[in-house]
Each structure stands twice: as C-alpha cells, then as structure tokens.
Amino acid sequence: MRIILFGPPGAGKGTQAKRIQKAYNIPQLSTGEIFRHHIRTNTPLGIKARSYINHGKLVPDDIVLGLVEETIKEEKYRNGYILDGFPRTVTQAEEFDSILKKRGESIDAFIGLEVPKEELISRLASRGEGRSDDDPEKIKVRLQVYHQETAPVMHYYAEKGLYHEINGTGSIEDISERIQDVLNQFA
Ligand code: AMP
C-alpha cells in the first residue's frame, strides 16, 4: 500500500503516520524527519537543507526528489510506505509520478487532513518538540508557504480520483479511525 498523508503544518500528519505504520505494518516516510536527521548529523544533505528548514521555507524540489527517489529504493520500503510531508509542490507530485511509473508502481490513496487555521496555529505553538521552525514567525511563514505552494497538490490528486478528505479535528483516536475507514479499502 502506497499512501500520501497530506495536510498543513500542525494537521497531525506525523502522529497519524506513526499510527498507520503500526496498524498496517507499513513504514512511514517523512521527508522532514529525514532532513532533521541529516541536519543533526551534519551530512552534506543536512548542510544544504538546513537554512531552508530553519527559515520555514521549502527545500528545493530537486533536492527533495533526489532524496525520495533514493529512499524508496531501500528494501524497507519495497512493499509500500506512508508518505508524510511529500509531495509539497505540484512539481514534486508530477516528478514523483514519473519516478513511480518507471518502477511500475502507483499511489493507492491521498489522505488530506482538514484542520481550521486557528487550531493549527495553537497546536504548532504548543507542541514543544523543540523544533527550530516551531516559533511564531516561522509558523507564519510555513502556513503561507503551505497555502501558496503546497495546497495546489490537493487538486492534482483530486483530478486523479485519489483524494480522500478527512476531518482532522477531535481526538487522535477518532482521526485514526476515520483514516482507517478509508485505508481498509486498500489493505
Ligand atoms: P515537516 O517535518 O514535514 O513539517 O518538514 C519540516 C521542513 O522540512 C519543512 O518546513 C521544509 O522546510 C522541509 N521539507 C520537508 N519535506 C519537504 C518537501 N517535500 N519539500 C520541501 N521541503 C520539505
């Protein structure tokens, strides 16, 4: 099963991806977490990505696409994955389709978490993970970037008939149940 978990910053993608990972035994693939790991360990990729991430901006498409193309080749991801935080631009979505096509693969479902803006801001400001991009100024930039560059990705998958909108408010358990109602069709 190949799934895209989509939504604005603070929608709960990471939390829900980890729960899907457990429930269906398919690995989460979070580009943000991979970048943070590279930043912590000071790799060349981490050095390239750091200033974009610290400013709340998107890492350039070619860097992200190179990372994803290499990562999905790993044995761990052979039988599927839950993408969390990718694709984040229409170019990434288009290029990712060609990467999948070359491999004879495709996406099963695109799950969009819907959360009102006020709730996103309060969730991000209080999540306390110590992320350099969770301060109020960076949160503002990340939400702007989401609306300008990332939200159009929804239409890309809606046109392909893959889009499933999920109400992202309420308890973590309730949101998981809504997601599983969709995913059970593909498992
Ligand atoms: P996340 O953990 O998904 O919130 O990602 C944290 C940060 O990593 C983002 O604000 C971006 O700077 C960068 N990032 C993660 N995934 C992508 C992506 N698909 N495209 C561009 N930048 C990304």
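Refer to the structure above for everything that follows.
Cut-offs applied
- Residues numbered from 1 in each chain as written.
- Predicted model: local features only at pLDDT ≥ 70, side-chain atom pairs only at ≥ 80, totals over all residues.
- Heavy atoms only, no water.
- Near = heavy atom within 4 Å.
- Polar contact = N/O pair within 3.5 Å; in protein donor to acceptor, adjacent residues only side chain to side chain.
- Areas by Shrake-Rupley, 256 points an atom, 1.4 Å probe, with all protein chains shown as cover.
- Helix = DSSP H or I, 4+ residues; strand = E, 2+ residues; numbered from the N terminus.
- Phe/Tyr/Trp six-rings, centres within 6.5 Å; stacked < 30°, edge-to-face > 60°.
- Buried < 20%, exposed > 50% of the residue type's maximum accessible area, 1.4 Å probe, protein only.

### Section: the site of the ligand
Surveying the vicinity of the ligand reveals 14 residues, the closest of which are Thr 31, Arg 36, Lys 57, Gly 85 and Gln 92. Contacts to the ligand include Thr 31, whose side-chain N or O atom sits 2.7 Å from a nitrogen atom. In the model, a nitrogen atom of the ligand is placed 2.9 Å from a nitrogen or oxygen of the Gly 85 main chain. Compared with its free state, where it exposes 480 Å², the ligand has 96% of that area covered by protein. At 3 residues, helix H2 (residues 31-40) tops the list of elements feeding residues into the shell around the ligand.

### Overview of the packing of aromatic side chains
Counted by the stated rule, this structure contains 7 aromatic pairs. A centroid spacing of 4.9 Å and a plane angle of 40° characterise the contact between Phe 6 and Phe 110, whose relative ring orientation is tilted. Taken together, the residues span a long stretch of sequence, with Phe 6 in strand S1 (residues 2-6) and Phe 110 in strand S4 (residues 109-114) at a distance of 104 residues. Here Tyr 156 and Tyr 157 contribute two aromatic rings whose centre-to-centre distance is 5.1 Å and whose plane-to-plane angle is 80°, an arrangement assigned as edge-to-face. Tyr 157 shares its class with Tyr 156; the two are buried. Every member of this aromatic cluster is reached through a ring pair, and the members are Phe 6, Phe 110, Tyr 146, Tyr 156, Tyr 157 and Tyr 163.

### What to know about unusual backbone geometry
Along the chain, Phe 86 connects to Pro 87 via a cis peptide bond; the corresponding omega equals -5°. With respect to the helices and strands, Pro 87 occurs in the loop between strand S3 (81-84) and helix H5 (90-102). Within the chain, Asn 25 stands out as a residue other than glycine whose phi angle is a positive 55°. As for its position among the elements, Asn 25 is in the loop between helix H1 (13-24) and strand S2 (28-30). The phi dihedral of Asn 42 is positive, around 60°, even though this residue is not glycine. Considering the arrangement of structural elements, one finds Asn 42 in the loop between H2 and helix H3 (44-54). Residue Asn 42 is classed as partly exposed on the basis of its relative accessible area of 47%.

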